[in-house]
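# Descriptive structure summary
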Amino acid sequence: MEDHQTTTIAHTWLAVMAIAVLPIASVLILTATKMGRTVVAPPKRKGPPVAECAPLLGVLPAILTRSLQDVMRDQYSKLGSVFTLSSLGVKVTFLVGPEVSAHFFHAAESDVSIGDVYKVTVPIIGKGVGYDVDHDTRNEQHRFFADTLRPAKLRSHARLMAGEVEEYFAAKWGAVRGTVDLKQEVENVLLQIASRCLLGKKVRDHMHDEVSSLLRELIGDLHLVSLFFPYLPTPAHRRRDRARARLEEIFSGIARLRRSSSAGRGAGDDDHDMLQSLLDSRYRDGGGTTEAEVTGLLVALLFTGHHTSTTVTTWTAARLLRHAEWLHAATEEQRRLLLLQRNDQNDDAAAVIDYDVLLRMDVLHRSVKEALRLHPVTPMILRRARRAFTVRTEDGAEYEVREGRMLASPLVVNNLLQGIYRDPDVFDPDRFAAGREEDRVGGDLAYTSFGAGKHACMARGLRLPADQSDTEPSPQELRAPAGISLPGDGEHDLHEAQRGSHGKLQETPSAAVVH
Ligand code: HEM
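Residues numbered from 1 in each chain as written. Predicted model: local features only at pLDDT ≥ 70, side-chain atom pairs only at ≥ 80, totals over all residues.

### Quick look at the overall build of the protein
From N to C terminus, the protein includes 20 helices and 11 strands. Burial analysis of the protein (515 residues in total) assigns 34% to the buried set. Contacts spanning at least 24 positions in sequence make up 76% of the contacts within the protein whose residues lie at least 6 apart. (Helix = DSSP H or I, 4+ residues; strand = E, 2+ residues; numbered from the N terminus. Buried ≥ 20, exposed ≤ 12 C-beta atoms within 10 Å, placed from the backbone. Contact = placed C-beta atoms within 7 Å.)

As C-alpha cells, then:
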C-alpha cells in the first residue's frame, strides 16, 4: 500500500534534486544501465509472476502450516529469481540472488526505501532515533554506533567480555549434568556482557536482572504480526510498551546522573562503556545527544545487537557441537593461540583471551560465518520501492516492479544458491578459506547475512584478517572434546530446527546435554 505523504515529500525532493544534479545523474544512469541488470525505467513491462494461492488469504495458510522459508524456497524453484507473494491485500516481490538484487541493495533511498519498512521498529526503539528520524540524522546516529565499535574501544571490552563468560559458566555450569537450554544460556551470558559493556559496572552489579527481563519483554519473539501490524493492541504489544516505558525511566535516570555529576559514576565505572560514549557523542552541528536520544540509542544497540548475537552464537554452538571435527579445530586453535601469547609475553602467568587473540581465531571466525550463512538472523531483508523499476533475470526475462511495492531479499534462499556455494546445505567453514572464498568469488551481493550495499551491517567489519588459515590443523584429523553435546544427529534436524512455525519468523535450537 502506498504511503501518500511520504511519496509527496519524495516527489518534491526528487524535483529539486533533478534540477540540481541532472547532468551527474545522466552519466550515472548511463553507467548503471551498462553495468547492472536493474534500471530505473518508465513502467512498460508485465509484472513478476505471482504465486498461485487462496484468493484473499494468499500465502498465509501455507506460511502458518509450513513455514515462511519453505514457501519462499518452493516459489523460487517454481517461479525463478523474481516473484510476488500476496496475502490480505499486501503484495511482496522477492528478488533472489545477486543477478537481480543490485537495485535492491544499492539504489538511493528515494528509489528504494529502508526507512519506510523499518518504521515498525519505532514502538520498540522509540521516538527521535533510528527509523523515526530522517535519513541524514539516522546516518549521524549510526556514526555514534560505529564509534562505540572502534578497535580501541573493543580492545578494552574484550577482556571484560571474556571475564563475564568465564564467571557465568564457572558459577552456573560448574556442577551441571544433564540437559541445558542452550539458547537461554547464551542469551543470559550475552545480556551480562551487554549490561557490563553498554551500561557500566554499576548497572551490571545492581540492576542486571530487572534490565534483562525488561529487554526480553521488549524484544520478545519476532512474529509476522508485529512486522505488519506493530500497533495492534495484542497482549505482547502491551507488554512491549510497558517494558519500553520502564527502560526509558531507568536509562534516562542513569544518563541524567552521569551528566549532572561525576558522583553519578560509581566505583568501577570507567570511561569506556558505550553509555558514556553515546553521552559524549556530538552531531555535526555541534549539538549533543539528549537523554531521550541516549535511551533510544541504547535500546537500538541492544535491539540490533542482542537478538543477532544470541541467534548467531546459538547456531554456531549447535553447528560446532554437531560437527565435532570443527569444534575440535576451533578449540585447538584457541589453545595454540593462547600458548603463543604466553611465549610472546615470556610470561608463565595464565594466558587470557584478549582482543588480539580473538582477532586471530580464523577457524572460529569461518565457523561463525558459515553458521550465519545457513542460519541468517533474519529470513529476509525488506524495502519499499518508491519508484517503479524494471528488473531483468539471468535468462533475459524482464519485469516491471510497481511503485509502492514491498520488496524482499530472502537470505534463507540467497545463501543456499548452487551457483555460488558448493554443496550449499553442508556446514563447511572451509568454503571461506583462502583459495576458495566462495563468497568473494560470487561478488559483493553473494553473502547477504550482514546485508549488503548501502545498508550493510556495521558489525560485519568486525572480522578477521584473512591470511592466517594456512597454519590451522586439518579438521579431519581431530576428534571432538567431551563435555557437551547436541541431541539427535545429522544435518537434517538442524535444518528442521530453524523453520519458524505458527507465524514465528524462525526458531533457534535449544537443548544441549552437558556430561
Ligand atoms: C552477528 C551479528 C549481526 C548480524 C548477523 C547483523 C545483520 C545485519 C543485517 C542483515 C543488516 C542489513 C539490514 C538491511 O539491509 O535491512 C544489518 C544492518 C545493520 N546493523 Fe547489523 N547485524 C549484527 C550485529 C549488529 C550490531 C552488534 C550492531 C550494533 C552496532 C549492528 C548495527 C547495524 C546497523 C547500524 C545496520 C545498518 C542499518 C541501516 O543502514 O539502516 N548490527 N545488520
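### Re the site of the ligand
Lining the immediate surroundings of the ligand are 21 residues, of which Gly-305, Thr-308, Gly-451, His-455 and Cys-457 lie closest. When contributions to the shell around the ligand are tallied by element, the ones reaching two or more residues are helix H6 (135-148) and helix H14 (291-322). Top contributing element to the shell around the ligand by residue count: H14, with six residues. Split into classes, the residues belonging to the shell around the ligand amount to 12 nonpolar, nine polar and no charged. Each of domain 1 (4-113 + 385-471) and domain 2 (130-322 + 506-514) gives at least three residues to the shell around the ligand. (Near = placed C-beta within 6 Å. Nonpolar A, V, L, I, M, F, W, Y, C, P; charged D, E, K, R; others polar. Domains from an automatic or database assignment.)

### A short note on the environment of Glu-52
With respect to the element layout, Glu-52 can be found in the loop between strand S1 (38-39) and helix H2 (60-65). The spacing of Glu-52 and Thr-84 is 32 residues in sequence and 9.7 Å in space, taken between C-alpha atoms.

### Remarks on the sheet that holds strand S4 (residues 112-113)
Pairing between the strands of a sheet comes from backbone hydrogen bonds, and it takes one of two forms, parallel or antiparallel. On the basis of which strands lie adjacent, the open sheet formed by five strands has the order S2-S3-S9-S6-S4 and mixed pairing. Of all the strands in the sheet, just strand S2 (82-87) and S4 have a single pairing partner and so form its edges. For S4 and strand S6 (residues 380-385), the ladder comprises two bridges, and the chain directions are antiparallel. Across the sheet, Val-112 pairs through a bridge with Ala-385, a residue of S6. (Pairing = 2+ DSSP bridges.)

### Some words on unusual backbone geometry
Here the phi dihedral of Leu-88 falls at roughly 50 degrees; this positive angle occurs in a residue that is not glycine. Assignment of secondary structure puts Leu-88 in the loop between S2 and strand S3 (90-95). Taking the C-beta count within 10 Å as the criterion, Leu-88 has 10 such neighbours and is therefore assigned exposed. You will see that Glu-437, though not glycine, has its phi angle at about 40 degrees, which is positive. The residue Glu-437 is located in the loop between helix H18 (411-414) and helix H19 (438-441) in this model.

### Some thoughts on the confidence of the model for the protein
Chain-level statistics for the protein give a pLDDT mean of 80 and a share of 76% at 70 or above. A low-confidence stretch, residues 1-36 stays under pLDDT 50, and its non-local contacts, those more than four residues away or across chains, total 13 contacts. Counted against residues more than four places away or in other chains, residues 464-482, with its pLDDT under 50, gives 32 contacts. (pLDDT = per-residue confidence, 0-100.)

### Quick look at the nonpolar core
In terms of nonpolar packing, the biggest core is built from 53 residues, with Leu-198, Leu-275, Leu-297 and Leu-298 touching the most fellow members. With 13 residues, H14 is the largest single contributor of residues to this core. With sequence-adjacent residues up to four places away left out, Leu-198 is seen in contact with Asp-273, Met-274, Leu-275, Leu-298, Leu-301 and Leu-302. If you look at the next biggest cluster of nonpolar residues, it comprises 36 residues, including Met-72, Phe-389, Val-412 and Ala-446. (Core = buried A, V, L, I, M, F, W, Y, C linked by C-beta atoms within 7 Å.)

### Observations regarding the packing of helix H8 (residues 182-199) against H14
H14 packs onto H8 with a crossing angle of 140 degrees between their chain directions and a minimal axis gap of 9 Å. Between H8 and H14 lies a crossing of right-handed hand. Taking contact as the criterion, the partners of Leu-182, Lys-183, Val-186, Glu-187, Leu-190, Ala-194 and Leu-198 in H8 are, on H14, Leu-298, Leu-301, Leu-302, Gly-305, His-306, Ser-309, Thr-310, Thr-313, Thr-314, Ala-317 and Ala-318. Classifying every residue of the contact of H8 with H14 by side-chain character gives 10 nonpolar, six polar and two charged. (Axes fitted to C-alpha atoms, helices over the stretch in contact; angles between N-to-C directions. Left-handed = near helix turned anticlockwise from the far one by under 90°.)

### Thoughts on H6
With 14 residues, H6 should reach 20 Å at 1.5 Å per residue; the first-to-last C-alpha distance of 20 Å fits that figure. Every buried residue belonging to H6 is among Gln-141, Phe-144 and Thr-148, and all of these are buried. In an axial view of H6, the angular spread of the buried residues amounts to 45 degrees, which keeps them on one side of the axis. Residues of H6 that are exposed and angled more than 90 degrees away from the buried face: Asp-136, Asn-139 and Ala-146. Those residues of H6 hidden inside the fold are in contact with helix H7 (151-173), helix H13 (274-280) and H14. (Expected span 1.5 Å × (residues − 1). Arc of directions from axis to C-beta.)

### Details of the packing of H14 against helix H17 (residues 362-374)
Helix packing geometry: the angle between the two helix axes and the distance between the axes. It is the contact of H14 with H17, at a shortest axis distance of 9 Å, that shows an interaxial angle of 105 degrees. In terms of orientation, H14 and H17 fall into the roughly perpendicular class. Counting all contacts with H14, which are made through Val-312, Trp-315, Thr-316, Arg-319 and Leu-320, the residues of H17 involved are Ser-367, Val-368, Ala-371 and Leu-372. Residue composition of the contact of H14 with H17, by class: six nonpolar, two polar and one charged. (Parallel < 35°, antiparallel > 145°, perpendicular 65-115°, else oblique.)

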